[in-house]
Amino acid sequence: IFSLIDAVMWRTLPVKDPEGLVLLTHSRGTAFEGGFTYQQYRIMREQEGLGFTQLAAWSPVRLNVSIDGSLEPTTDGQLVSGDYFSLLGVSPSAGRAILPEDDQVPNGHPVAMISYGYWQRRFGLSPSVIGRDMSISGTRFTIIGVTPAEFFGVQVGTSPSVFLPVMMQPTAMPDTENLLDQPIQYVPWLQIM
């Protein structure tokens, strides 16, 4: 089973070193779970000596996007940590990637990267897309970069159109409680690699 998952899910990823990626899971009794809370991710990231050179987190999210006042169909997106693109060795086709400094303050940096496919479908590959605004759940985000054409994220079979910093979770998910601080419910919403 591991060989099949390794071949299908990891080796086919359009990233710099797919063999070097490790998807973290944890056990809860006898069951293994893949999700983590933001607090668990933060503690792992701050721990020295865990044996990882870098950690990155992501979570799928459905986004309400509006461009130039025109509401888009609900869009597949991902909340990603500031190290996500650097860990994967993915360089943007245009603009810049989401960086660690974009992902430090809750709701502090409303920036977005869009996929190449979304750039092509929605903006006709216009180079003026960098610096352009888009509204997500009523908040203005600035498009800072475009992913490479071959990049589809880290899950085979998915293809997010918009990438936002994890710290924008309260804005991107207005119908959900703030999962960054001390949420009332235990919600393991982040995947970590």
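Just so it is clear, the structure is predicted and the values come from calculations on it, not from any experiment.

With that settled, the discussion passes to the environment of Val162. Examined against the element boundaries, Val162 turns out to sit in strand 11 (residues 162-165). Beyond its immediate stretch of four places on either side in the chain, Val162 contacts Leu63, Thr75, Asp76, Gly77, Gln78, Ala112, Met113, Ile114, Tyr118, Met134 and Ile136.

Our focus in this paragraph is the nonpolar core. Ile114, Met134, Val162 and Leu164 are the most contacted members of the largest nonpolar core, which totals 36 residues. The set of elements that each furnish at least two residues to this core consists of helix 2 (38-46), strand 3 (57-63), strand 4 (65-67), strand 8 (111-114), helix 4 (116-123), strand 9 (133-136), strand 10 (139-146) and strand 11. By size, the runner-up hydrophobic cluster in this structure holds 17 residues, among which are Ala56, Tyr84, Ile144 and Val154.

Our focus in this paragraph is the pattern of salt bridges. Enumeration over the complete set of coordinates arrives at six salt bridges. Across the pair Arg122 and Glu72 runs a salt bridge whose closest N-O atoms are separated by 2.6 Å. With Arg122 in helix 4 and Glu72 in the loop between strand 5 (70-71) and strand 6 (75-80), the pair connects residues that are 50 residues apart, well separated along the chain. Since its relative accessible area comes to 26%, Arg122 is described here as partly exposed. Look at Glu72 and you get buried, because its relative accessible area is 15%. We note a salt bridge from Asp133 to Arg140, for which the minimum N-O separation is 3.0 Å. On the basis of relative accessible area, Asp133 is assigned to the partly exposed category, the value being 30%.

About the criteria used
- Residues numbered from 1 in each chain as written.
- Predicted model: local features only at pLDDT ≥ 70, side-chain atom pairs only at ≥ 80, totals over all residues.
- Heavy atoms only, no water.
- Helix = DSSP H or I, 4+ residues; strand = E, 2+ residues; numbered from the N terminus.
- Contact = heavy atoms within 4.5 Å.
- Core = buried A, V, L, I, M, F, W, Y, C linked by side-chain atoms within 4.5 Å.
- Buried < 20%, exposed > 50% of the residue type's maximum accessible area, 1.4 Å probe, protein only.
- Salt bridge = Lys/Arg side-chain N within 4 Å of Asp/Glu carboxyl O.

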